[in-house]
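The residues making up each chain are set out below.
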Amino acid sequence: MSKAIYALSGDPITNGHMNIIERAAEVFDELIIAIGYNVEKRYLFSIDERREMAELATHHLQNVGVKPFTGMLSDFAIENNATVIVRGVRNSSDFEFEQQVHNVGLTQNNELETMLLMCDPSLSHISSSTVKGLVESGGDVSKYVPMVVKCFLEERMLHKHVIGVTGSIACGKSTLCEQLATRQNWTNIDLDHLAHEILAGVNLTPFEQATLEKVFHQFPKSRYLHDDGYFYADRGALASEVFGEMNVNKRQILEDILRDAIQLKIKRAVLMADQGIVMLNSALIAEQGLMSMCNNRVVLVEASEEVQMERLIKARGLTKKQARRRLESQMRPDTKLRVIDETIENDGFGAFIRVVTDDLDLTNRDVENGIADRINEFVSLRNVEQLVG
């Protein structure tokens with residue numbers, strides 16, 4: 001059998017590393033990821049945590065194993081019967097350095113070969129230090145590292161566990177989040193409120209103001225002049241335009257206009273949130289591709305259609321016809337669950353739990369008697385596991 005070693009500190013492992021690992025795994029019968037430890041170097045994660053991240057990130061590769069090592073890499077290769085060292089090369093400087101390392105390695109083990117793999121140009125700018133800097137500044141690293149690593153980084157550097165709370169309209173998710181925020185002191189980031197802040201037209205950033213102008217352009221009947229002299233989007237008029245004729249295209253247009261501005265507000269809100277559990281509360285987490293923002297950890301809140309209709313009519317003052325249109329305009333719960341499940345499977349990391357809130361009084365009691373405990377349990381998951389209750 002051909003056996004190779006790919007050595008890295010993995011503090012943390014990035015998508016650049018993963019590209020080299022996946023390509024090398026196709027060449028060799030067995031590939032060992034060697035997680036190095038240098039007593040003179042300061043690491044963000046312990047050797048065990050770096051090994052765990054590498055194992056979770058590569059769990060889909062059957063011929064890849066992870067081992068920690070200290071000392072000479074050439075000695076580690078002899079101990080593991082490996083004959084090839086795999087290296088990733090980004091530029092000519094990397095090539096010259098790896099050539100020197102190879103020549104030195106030959107003096108220690110003259111049977112050891114080096115295979116250089118050119119880095120994917122689209123990933124060559126990614127480094128562990130860049131990733132850590134982005135996380136510290138509240139940046140999105142979902143395209144830079146595996147999802148499990150993003151989760152580790154946010155928990156270690158920001159001391160936060162970001163989760164999504166989603167469900168159809170009038171399912172009780174906002175009530176649940178308010179209860180959790182009050183009773184557990186968790187942060188509730190309501191994405192509807194973030195959208196309302198943009199539509200209100202007050203204290204907007206230039207980008208948010210430009211976003212509001214796009215709303216006015218597409219939905220001119222929603223444009224109103226406030227007594228204080230600024231323009232805002234009247235939400236009632238906007239709802240009439242979007243839902244009045246059950247026009248799915250109009251709803252999608254509005255969501256597309258607001259998406260980027262809302263995501264910027266989400267990142268800012270998460271960065272400013274208190275430590276602990278941070279809930280992203282939105283009906284559109286699955287639909288709008290927001291799973292990565294909550295690290296694929298989702299609480300799916302559900303209620304029967306009869307209960308949803310009753311809440312829309314009684315609490316929101318909608319007619320039966322209007323309530324029906326609102327329900328039909330949103331993704332069905334089973335479809336939402338399938339999208340969540342597929343995203344977790346594709347990314348190789350995540351978890352979800354289901355909470356039924358037909359009785360909101362029961363929900364209030366459950367916050368103290370189970371739901372919070374279930375959420376605390378599933379945010380600690382490190383592998384692909386689904387807790388369906």
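Cut-offs and rules
Residues numbered from 1 in each chain as written. Predicted model: local features only at pLDDT ≥ 70, side-chain atom pairs only at ≥ 80, totals over all residues. Heavy atoms only, no water. Helix = DSSP H or I, 4+ residues; strand = E, 2+ residues; numbered from the N terminus. Buried < 20%, exposed > 50% of the residue type's maximum accessible area, 1.4 Å probe, protein only. Contact = heavy atoms within 4.5 Å. Areas by Shrake-Rupley, 256 points an atom, 1.4 Å probe, with all protein chains shown as cover. Core = buried A, V, L, I, M, F, W, Y, C linked by side-chain atoms within 4.5 Å. Pairing = 2+ DSSP bridges. Axes fitted to C-alpha atoms, helices over the stretch in contact; angles between N-to-C directions. pLDDT = per-residue confidence, 0-100. Expected span 1.5 Å × (residues − 1). Arc of directions from axis to C-beta.

Engineer: So what's going on with the overall build of the protein chain? Residues and values would help.
Structural biologist: Looking only at helices and strands, one finds 15 helices and 12 strands in the protein chain. Taking all 389 residues of the protein chain together, the buried fraction comes to 48%. Of all intrachain contacts in the protein chain linking residues separated by at least 6 positions in sequence, the fraction that spans at least 24 positions is 74%. Accessible surface, the protein chain: about 19,500 Å² in total, of which carbon and sulfur atoms supply 47%.

Engineer: Outline the nonpolar core, supporting the account with residue identities and numerical values.
Structural biologist: If you look at soluble globular proteins, the nonpolar side chains tend to sit buried side by side. Membership of the largest hydrophobic core comes to 39 residues, with the highest contact counts inside it found for I13, I21, L31 and V86. For this core, the secondary-structure elements that each account for two or more residues are strand 1 (3–8), helix 1 (15–27), strand 2 (30–36), helix 2 (47–57), strand 3 (64–69), strand 4 (84–89), helix 5 (128–136) and helix 6 (147–158). Top element by residues in this core is helix 6. It accounts for 7 residues. Dropping the residues within four chain positions of it, V86 is found in contact with A4, I5, Y6, A7, I20, A24, F28, L31, M115 and L117. Within the second largest apolar cluster, 37 residues are counted, among which are L238, L280, M291 and L300.

Engineer: Describe the sheet that holds strand 11 (residues 297–302), listing the residues and the values that go with them.
Structural biologist: Taken together, the 5 strands give an open sheet; going across it, the order is 7-10-6-11-12, and neighbouring strands pair in parallel fashion. The open sheet terminates on both sides in strands that have one partner only, identified here as strand 7 (187–190) and strand 12 (351–356). This sheet shows a mean twist of 25° between the axes of neighbouring strands, independent of strand direction. With 6 bridges joining them, strand 11 and strand 12 adopt parallel strand pairing. Bridge assignment links V301 to a residue of strand 12, and that residue is V355. Its contacts with the sheet place helix 8 (residues 191–200) against strand 7 and strand 10 (276–281), and it is angled at close to 50° to strand 7. Where helix 14 (residues 333–347) meets the sheet, it contacts strand 6 (160–166), strand 11 and strand 12, and its direction lies at approximately 160° from that of strand 12.

Engineer: Describe the confidence of the model for the protein chain, naming the residues involved and giving the relevant values.
Structural biologist: Taken over all residues, the pLDDT of the protein chain has a mean of 87, while the share at 70 or more is 88%. Confidence, expressed as mean pLDDT per element, reaches its minimum in the protein chain at helix 4 (residues 92–108) with 59 and its maximum at strand 7 with 97. Residue range residues 383–389 is modelled with pLDDT below 50. Its contacts to residues more than four positions away, or to other chains, number 23 contacts.

Engineer: Just give me the short version of helix 7 (residues 173–184), but keep the residues and values in it.
Structural biologist: Spanning 12 residues, helix 7 covers 16 Å between terminal C-alpha atoms, matching the ideal 16 Å at 1.5 Å per step. Regarding helix 7, the residues found buried are K173, L176, C177, Q179 and L180. Buried residues of helix 7, seen end-on, are gathered within an arc of 160° and therefore sit on one face of the element. Following helix 7 by one or two positions, N185 adopts a phi angle in the positive range, close to 65°.

Engineer: Please give an account of the sheet that holds strand 1 that cites residues and values.
Structural biologist: One open sheet holds the 5 strands; their spatial order is 3-2-1-4-5, and the pairing between them is parallel. Here the strands that pair on one side only, and so sit at the sheet edges, are strand 3 and strand 5 (113–118). The average undirected angle you get between the axes of adjacent strands in this sheet is 30°. In terms of strand pairing, strand 1 meets strand 4 through 3 bridges, oriented parallel. Across the sheet, the residue bridging to I5 is I85, located in strand 4. Relative to strand 5, helix 1 is tilted by about 125°, and along the sheet it contacts strand 1, strand 2, strand 3, strand 4 and strand 5. Packing of helix 2 onto the sheet brings it into contact with strand 2 and strand 3, and relative to strand 2 it is tilted by some 150°.

Engineer: Go over the pairing of strand 10, please, and point to the residues and values.
Structural biologist: In terms of residue burial, strand 10 counts as a mostly covered element, since 5 of its 6 residues are buried. Sheet analysis places strand 7 next to strand 10, joined by 4 bridges and oriented parallel. Counterpart to D190 in the pairing with strand 10 is N281.

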